[in-house]
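Here is what each chain is made of, one letter per residue.
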Amino acid sequence: MIRIDSLSKSFGTFEAVKNVSLEVPSGSFLVLVGPSGCGKSTMLRMLAGLESPTDGTIQFDGKTVSDGAGPWTIEPAKRNAGLVFQSYALWPHMTVAGNVEWPLKVAGQGKAERTARVNEVLHLLGIDNLGRRFPNEISGGQQQRVAIARMIAPKPGILLFDEPLSNLDAKLRVEMRSELLRVHRVTQATSVYVTHDQVEAMTMATHVAVMNGGSVEQFGSPQELVSEPSSAFVATFVGTPPANLVDAGLIPAAHPLGRKGHSGRFMFRPEDILVSRHPDPASIEMDFAEISPLAGRSMITGTRNGLRLTAVADGSFRFTIGDKVHFLLPPAAAACFDSKGKRA
Ligand SMILES: Nc1ncnc2c1ncn2[C@@H]1O[C@H](COP(=O)(O)OP(=O)(O)O)[C@@H](O)[C@H]1O
Ligand SMILES: [Mg+2]
């Protein structure tokens, strides 16, 4: 349905997107996730047709819509794609219903058809009663619902979202995640969703592309990223909490992995690490940094000399700043990465 081949985008000599290839079937919810500046918005803008690639192609449903080498690009309005940004950009002089109706007017639909569709999408987004209000008379969360209603009104086959929830407070953000998934389920539209928030990515996506420095580090299901991270970057970027990476040289000699000759970094899952107040020759001594409850368990973090370890443990712990915490790593690592961060 969406197929991206060797896609690159340069601004002058700066390569914002580097040789990205991926493909998702119709009805997928693809999330592009990565730190700020890694090229997510540039990718989405190329999908929308607002930016043309320097190299590579984009196909929707087997049809080439962008081609870095070729002469043509299908213009944004003819891509059958709807776009929602972080800032909602509703027309302030139009009512909510007017905003949602606008793209249908542009598409040349008749009044009765438009009214029926406006009512239908306002109902889908749970804002039936707001049709006559103006954007400045509703809350931020409601404005974002209106923006989404306006996007889906003309029934685009592809929905493009650029950090649509980052302006909302935490509670509303969580609520809107499930709202968006419901909209996705009802419309069955293939969606591409950009976020820097890995939790959002992991909870919403059918497919995730983890981006870093313009490249896709890994493309897979949320489950695959957690169970089989292909790089140290992915291992420490995804998961709640993310996995721990420990330099081979920092593992105590008394630990089964502490033998000489190991190099690179080992990955350990937080739930596989034991925490104690008491020293043990096989444990790593750390300074207590923080503790927080996590679904009935405790998430405990210690730091020392640039190393940061997080364990998830049963039971109640009473640590305070200044305490030493001893982290006992499991006898085998969940993964190993070489000095360049590649899976070994
Ligand atoms: N029009 C532009 N001109 C020059 N550099 C740009 C332009 N758009 C984006 N960039 C640069 O490309 C990189 C990726 O930007 P962007 O795709 O917006 O990242 P993200 O959305 O992941 O934060 C950034 O370093 C940004 O400064
Ligand atoms: Mg961006």
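Computed from a prediction, not measured in an experiment: that's the story for all the values here. (Residues numbered from 1 in each chain as written. Chains lettered and ligands numbered in written order. Predicted model: local features only at pLDDT ≥ 70, side-chain atom pairs only at ≥ 80, totals over all residues. Heavy atoms only, no water.)

Trainee: When you look at the overall build of the chain in this model, what are you seeing that I'm missing?
Mentor: A tally of helices and strands in the chain yields eight helices and 18 strands. Based on the C-alpha atoms only, the size of the chain along its principal axes is roughly 80 × 50 × 30 Å. Out of the 344 residues in the chain, the part that is buried amounts to 48%. Sequence separation of at least 24 residues holds for 63% of the intrachain contacts in the chain that already meet a minimum separation of 6. Of the roughly 16300 Å² of accessible surface on the chain, 52% is carried by carbon and sulfur atoms. (Helix = DSSP H or I, 4+ residues; strand = E, 2+ residues; numbered from the N terminus. Buried < 20%, exposed > 50% of the residue type's maximum accessible area, 1.4 Å probe, protein only. Contact = heavy atoms within 4.5 Å. Areas by Shrake-Rupley, 256 points an atom, 1.4 Å probe, with all protein chains shown as cover.)

Trainee: Explanation requested: the packing of helix α2 (residues 96–106) against helix α4 (residues 140–152) in the structure shown.
Mentor: In helix packing, the relevant descriptors are the interaxial angle and the interaxial distance, both defined with respect to the helix axes. For the pair α2 and α4, the least separation of the axes is 7 Å and the interaxial angle reads 25°. Taken together, α2 and α4 sit at an angle that is classed as roughly parallel. Between α2 and α4 lies a crossing of right-handed hand. Here Val96, Asn99, Val100 and Pro103 of α2 lie close against α4, whose contacting residues are Val146, Ala149 and Arg150. (Axes fitted to C-alpha atoms, helices over the stretch in contact; angles between N-to-C directions. Parallel < 35°, antiparallel > 145°, perpendicular 65-115°, else oblique. Left-handed = near helix turned anticlockwise from the far one by under 90°.)

Trainee: Looking at this structure, I do not really get the sheet that holds strand β6 (residues 81–84). What am I missing?
Mentor: Note: strands within a sheet are paired through backbone hydrogen bonds, in either parallel or antiparallel orientation. Spatially, six strands are ordered β6-β7-β8-β3-β9-β10 in an open sheet, and the strand pairing comes out mixed. Looking at strand neighbours, the two that pair on one side only are β6 and β10 (215–220), the edges of this open sheet. On average, each strand axis in the sheet is tilted by 15° relative to the strand beside it, whichever way the strands run. Here strand β7 (residues 158–162) runs beside strand β8 (residues 190–195); their pairing, made up of five bridges, is parallel. Each residue of the ladder has a partner; that of Phe161, found in β8, is Tyr193. Set on the sheet, helix α1 (residues 40–48) makes contact with β3 (29–33), β6, β7, β8 and β9 (207–212); between it and β7 the angle comes to about 150°. (Pairing = 2+ DSSP bridges.)

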